[in-house]
Amino acid sequence: MSNQKKGRSISRRSVLLGAAAGVVAAPVGAFGIQAFPTVPVGYDLSDFPICRTSGDAVLTGAPRKLKLSWNANSVCSVQVPVAVDYEFFRKQNLDVELVNFSGSTDQLLEAIATGKSDVGVGMALRWLKPLEQGFDVKIVAGTHGGCLRAIAPTTSEISKVTDLKGKVVAIDDQAGPGKNFFSIQLAKAGIDPATEVDWKQYPGNLVRLAVEKGEAQAALASDPLAHAFLKDGEFKEIGSNLDGIYRNVSCCIVGVRGSLIRDEPLVARAVTQALLDAAEFSSNNPEKAAMSFLPYAPKIVTEEDIRALIKYHTHDHHPVGPQLKSELKLYADDLKAVSVIKRSTDTTKFADKIYADVFRV
């Protein structure tokens, strides 16, 4: 287990282990109205279902068809192919069509809001600004933490994020989650990310090359590319979104069409449940989860890389309900500090507006 996971105060895994010793009831509101049943001795926790509600209702009739949009190259979304391969969607009586979406976040959220898709997975720090514009999409769960990294040459004097002051940093997106996250960390350290760092944009697979060519002194990347860039020892990690308080915060999220939640709440709950079960399964079974994602991985990424990343990311951290809302407020406050979210935004009301607790049905 990584140091990041060891440092977490209460992991989902530890809660499940506690349930195996007796009966553990989640506090009402912590994960919705939910409780864990007694688990028999010897029960395989890798298949243990999570977030069950009192009086579970199962969808009946023909499987409900849904479209789920995702970025198939992103290992952050490993729970999606896992949910297909290990039939977590089927167990919820869902027939889910996967749509590999490569457009902008605004286009993705518009597709979900207008019914061209029903569900999407993505990154909180990429979604919150577009959601401020009023798309009818609700965030219903987090899936894990980790996946954003800042890197620099091993021989560089740059050893921490604050060393980026006065440097040229290669990035793949001026409005991306990587730039947003590390801009927040710079601002918290008293460094103006808008004026004291020169952000230079490149295609994602070329940010390391930009540093090697001397066009930048450091780079930001997301996994699995970030992990691949670090493998040969020529580059080092100088920061990640598992540092500090963020080790207990999910970076990747599930969004559901608002009208689906209002009109078919049990369907919205079912697809959320399937993805959460797949995330927990991935945490407990990294080898199996890696095999599910391997067909979608970039060519430079191996099965061993994927296993390592699933272990590194906190797939046992997947909040819903009030805990999720508190994490969204944290991100909104952070984004206000770097003028991504409007200064006038009431972040408590904003977080309440963009999230839904689908387990209170």
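Anything mentioned here points back to the structure above.
Residues numbered from 1 in each chain as written. Predicted model: local features only at pLDDT ≥ 70, side-chain atom pairs only at ≥ 80, totals over all residues. Heavy atoms only, no water.

Undergrad: Would you explain the sheet that holds strand E1 (residues 64–70) in this entry?
TA: In a beta sheet, neighbouring strands are held together by backbone hydrogen bonds and run either parallel or antiparallel to one another. The strand order across the open sheet formed by five strands is E2-E1-E3-E10-E4, and the pairing between neighbours is mixed. Each having just a single partner strand, strand E2 (94–100) and strand E4 (137–144) make up the two edges of the open sheet. For this sheet, the mean angle separating the axes of adjacent strands, direction not counted, is 25°. Pairing geometry for E4 and strand E10 (residues 252–257), over six bridges, is antiparallel. Counterpart to Lys-138 in the pairing with E10 is Val-256. (Pairing = 2+ DSSP bridges. Helix = DSSP H or I, 4+ residues; strand = E, 2+ residues; numbered from the N terminus. Axes fitted to C-alpha atoms, helices over the stretch in contact; angles between N-to-C directions.)

Undergrad: How should the nonpolar core be read in this particular structure?
TA: A general trend in soluble globular proteins is that nonpolar side chains are found buried together. Membership of the largest hydrophobic core comes to 47 residues, with the highest contact counts inside it found for Trp-127, Leu-128, Ile-139, Leu-164, Leu-328 and Tyr-331. With residues near it in sequence (within four places) discarded, Trp-127 still touches Thr-105, Leu-108, Leu-109, Ile-112, Gly-120, Val-121, Gly-122, Val-137, Ile-139, Ile-253 and Gly-255. Of all hydrophobic cores here, the second largest spans 43 residues; its members include Val-78, Val-256, Phe-281 and Ile-306. (Core = buried A, V, L, I, M, F, W, Y, C linked by side-chain atoms within 4.5 Å. Buried < 20%, exposed > 50% of the residue type's maximum accessible area, 1.4 Å probe, protein only. Contact = heavy atoms within 4.5 Å.)

Undergrad: How should the packing of aromatic side chains be read in this particular structure?
TA: We describe a pair of aromatic rings using the distance from one ring centre to the other and the angle between the two ring planes. If you walk through the whole model with that rule in mind, you get six aromatic pairs. An angle of 35° between the planes, with centres 6.4 Å apart, marks the rings of Phe-293 and Tyr-296 as tilted. Under the relative-accessibility criterion, Phe-293 is labelled buried at 0%. A relative accessible area of 31% places Tyr-296 in the partly exposed class. Each member of the aromatic cluster is reached from another via a ring pair, and the members are Trp-70, Phe-293 and Tyr-296. Above the plane of the ring of Tyr-312 lies Arg-149, whose end atom (NZ or CZ) is 4.2 Å from the centre. (Phe/Tyr/Trp six-rings, centres within 6.5 Å; stacked < 30°, edge-to-face > 60°. Lys NZ or Arg CZ within 6 Å of the ring centre and 35° of its normal.)

Undergrad: Sorry, what's going on with the pattern of salt bridges here?
TA: Charged atoms that come close allow side chains of opposite charge to pair. Applying the stated criterion to the full structure yields 21 salt bridges. The closest approach of N and O atoms between Glu-87 and Arg-90, which form a salt bridge, is 2.8 Å. Accessibility expressed as a relative area gives 36% for Glu-87, which makes it partly exposed. With a shortest N-O distance of 3.4 Å, Lys-213 and Glu-215 are connected by a salt bridge. (Salt bridge = Lys/Arg side-chain N within 4 Å of Asp/Glu carboxyl O.)

Undergrad: Whenever I open this one, unusual backbone geometry confuses me. Can you help?
TA: The phi angle of most residues is negative, glycine excepted, and most peptide bonds adopt the trans form. Note that the residue after Asp-223, namely Pro-224, is joined by a cis bond; omega there is 15°. Along the chain, Pro-224 falls in the loop between strand E8 (218–222) and helix H9 (225–230). One non-glycine residue with positive phi stands out, namely Asn-93, at about 60°. Inspection of the secondary structure assignment puts Asn-93 in the loop between helix H4 (88–91) and E2. Of note in the backbone geometry, Cys-147 takes a positive phi value of approximately 125° without being a glycine. Locating Cys-147 in the fold gives a position in the loop between E4 and strand E5 (148–153). With a relative accessible area of 1%, Cys-147 lands in the buried category.

Undergrad: Even after reading the chapter, I still don't get the sheet that holds E5, so can you show me in this structure?
TA: Judged by pairing direction, the sheet is mixed, and its five strands sit side by side in the order E7-E6-E8-E5-E9 without closing on themselves. Single-partner strands in this sheet number two, and they are strand E7 (198–201) and strand E9 (235–240). The average undirected angle you get between the axes of adjacent strands in this sheet is 30°. Of the strand pairs in this sheet, E5 and E9 are connected by five bridges, and their pairing is antiparallel. Bridge pairing in E9 links Ala-152 to Lys-236. Sitting on the sheet, helix H7 (residues 177–188) is in contact with E5, strand E6 (168–171), E7, E8 and E9, with an inclination near 75° to E5.

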